[in-house]
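Each chain is listed here by its residues.
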Amino acid sequence: ETGVTQTPRHLVMGMTNKKSLKCEQHLGHNAMYWYKQSAKKPLELMFVYNFKEQTENNSVPSRFSPECPNSSHLFLHLHTLQPEDSALYLCASSQDLPGSPTGELFFGEGSRLTVL
Amino acid sequence: DAKTTQPPSMDCAEGRAANLPCNHSTISGNEYVYWYRQIHSQGPQYIIHGLKNNETNEMASLIITEDRKSSTLILPHATLRDTAVYYCIVNSWGAAGNKLTFGGGTRVLVKP
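These numbers were taken from a predicted model, which means no experiment stands behind them.

Parameters at a glance
- Residues numbered from 1 in each chain as written.
- Chains lettered and ligands numbered in written order.
- Predicted model: local features only at pLDDT ≥ 70, side-chain atom pairs only at ≥ 80, totals over all residues.
- Heavy atoms only, no water.
- Helix = DSSP H or I, 4+ residues; strand = E, 2+ residues; numbered from the N terminus.
- Rg over C-alpha atoms; globule rule 2.2 N^0.38 Å.
- Buried < 20%, exposed > 50% of the residue type's maximum accessible area, 1.4 Å probe, protein only.
- Pairing = 2+ DSSP bridges.
- Axes fitted to C-alpha atoms, helices over the stretch in contact; angles between N-to-C directions.
- Polar contact = N/O pair within 3.5 Å; in protein donor to acceptor, adjacent residues only side chain to side chain.
- 1 Å grid on protein atoms, 1.4 Å probe; cavity = no way out; pocket = protein on both sides within 12 Å on 5 of 7 lines; lining within 4 Å.
- Points joined across faces, edges and corners; volume = space filled by probe spheres on them.
- Disulfide = S-S within 2.5 Å.

Participant: I tried to follow the overall build of chain B on my own but got confused; where do I start?
Facilitator: Regarding its fold elements, chain B presents zero helices and nine strands. Put simply, chain B runs from its N terminus to its C terminus through helices and strands in the order β-β-β-β-β-β-β-β-β. The C-alpha atoms of chain B give 13 Å as radius of gyration, which agrees with the globular expectation for 112 residues (13 Å, within 12%). The dimensions of chain B, computed from C-alpha atoms along their principal axes, are 45 × 30 × 25 Å.

Now the structure itself:
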């Protein structure tokens, strides 16, 4: 148990569906992240939020839409996905203070997405 | 692209020390070296990080060369549960938000 909870753990969706992934952290951290892990590929950073503000969008297609309503919650809204978007989506959080070494990232268990 | 180079895989014997190398020849002065591991079907787990001094915690030791161009993660007494992919990452600090870039890592198999 890392203090970062992701739901659902598994999701199967069609290409025309709209679904959302949810991440919640109970650690009091100020930064939250979405990573994508495809089969046989390294983890790819998708989005970074710091104090609810998006500070990084790593050229992610618009069919992935993040939302960070507060520092404890992060969503990834999915619509009109492609089969190649099937992957493990990992959420993480950290306590990052400007001018200080990067805080340790705490990862959730991931949401495994299959797009049919 | 990842700024580190690691061997793709290595085996080690249970109970023995596992020494995982990492090359980061282009590391800059304000970049730290981080190690994470990912056990199958789980999210990555932080192990240790350092700037230039050697570091030790309850999980591992980190040895950084004097020129900082390479480092070694040492698992002092490997167990079967240490079987995982180990990632060496360099990252700077200062700006808000973390941008850890994961490479392919080293797949470590601990054998009985």
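Participant: Please clarify how the overall build of chain A should be interpreted in this entry.
Facilitator: Helices and strands together make up the secondary structure of chain A, namely zero helices and eleven strands. Secondary structure of chain A in N-to-C order comes out as β-β-β-β-β-β-β-β-β-β-β. For a compact globule of 116 residues, the expected C-alpha radius of gyration is about 13 Å, and chain A comes in at 14 Å, within 12% of that figure. Principal axes of the C-alpha set define a box for chain A whose edges measure 45 × 30 × 30 Å. Expressed as a percentage of its 116 residues, the buried residues of chain A come to 47%.

Participant: Even after reading the chapter, I still don't get the sheet that holds strand β1 (residues 4–7) of chain A, so can you show me in this structure?
Facilitator: Picture the strands of a sheet paired through backbone hydrogen bonds; they go either parallel or antiparallel. Residue and element names in this part refer to chain A. Read from one edge to the other, the open sheet built from four strands follows the order β1-β3-β8-β7, with strand pairing classed as antiparallel. If you trace the sheet from one side to the other, it starts and ends with β1 and β7 (64–70), each paired once. Averaged over all pairs of adjacent strands, the angle between their axes in this sheet comes to 15°, without regard to strand direction.

Participant: Explain the sheet that holds strand β6 (residues 61–64) of chain B to me, please; I cannot follow it from the model alone.
Facilitator: Pairing is antiparallel across the open sheet formed by four strands, whose spatial order is β2-β7-β6-β5 (chain B). Among the strands making up the open sheet, the edge pair consists of β2 (18–23) and β5 (55–56) of chain B.

Participant: I keep staring at the side chain of Ser111(A) and nothing clicks. Help me out?
Facilitator: Its location among the elements puts Ser111(A) in strand β11 (residues 111–115). Here the side chain of Ser111(A) touches Pro8(A) through a polar contact of 2.5 Å, landing on its backbone oxygen.

Participant: Help me understand the layout of surface pockets, please; the structure alone is not making it clear to me.
Facilitator: One simple way to see leftover space: roll a probe sized like a water molecule over the atoms. In this structure, the largest pocket occupies an estimated 600 Å³ of space. In this structure, the largest pocket is lined by 25 residues; those nearest its centre are Gln37(A), Gln38(B), His40(B), Val85(B) and Arg107(B). Taken together, the elements giving at least two residues each to the lining of the largest pocket come down to β9 (87–94) of chain A together with β8 (84–92) and β9 (106–111) of chain B. Residue contributions to the lining of the largest pocket peak at four residues, all from β9(B).

Participant: Please clarify how the state of the cysteines should be interpreted in this entry.
Facilitator: What we call a disulfide is simply a covalent bond connecting the sulfur atoms of a pair of cysteines. A full pass over the atoms with the stated rule returns two disulfides over all chains. Each disulfide pairs two cysteine sulfurs, and for Cys23(A) the partner residue is Cys91(A), the sulfurs being separated by 1.9 Å. Sign of the S-S torsion, about -75° for the bond between Cys23(A) and Cys91(A), identifies this disulfide as left-handed. In this pair, Cys23(A) sits in strand β3 (residues 18–25) while Cys91(A) sits in strand β9, placing the two residues 68 residues apart along the sequence. Judged by relative accessible area, which is 0%, Cys91(A) ranks as buried. Shown here is the disulfide that connects Cys22(B) with Cys88(B), its sulfur atoms set 2.1 Å apart.

Any functional reading would require information beyond the geometric quantities listed.
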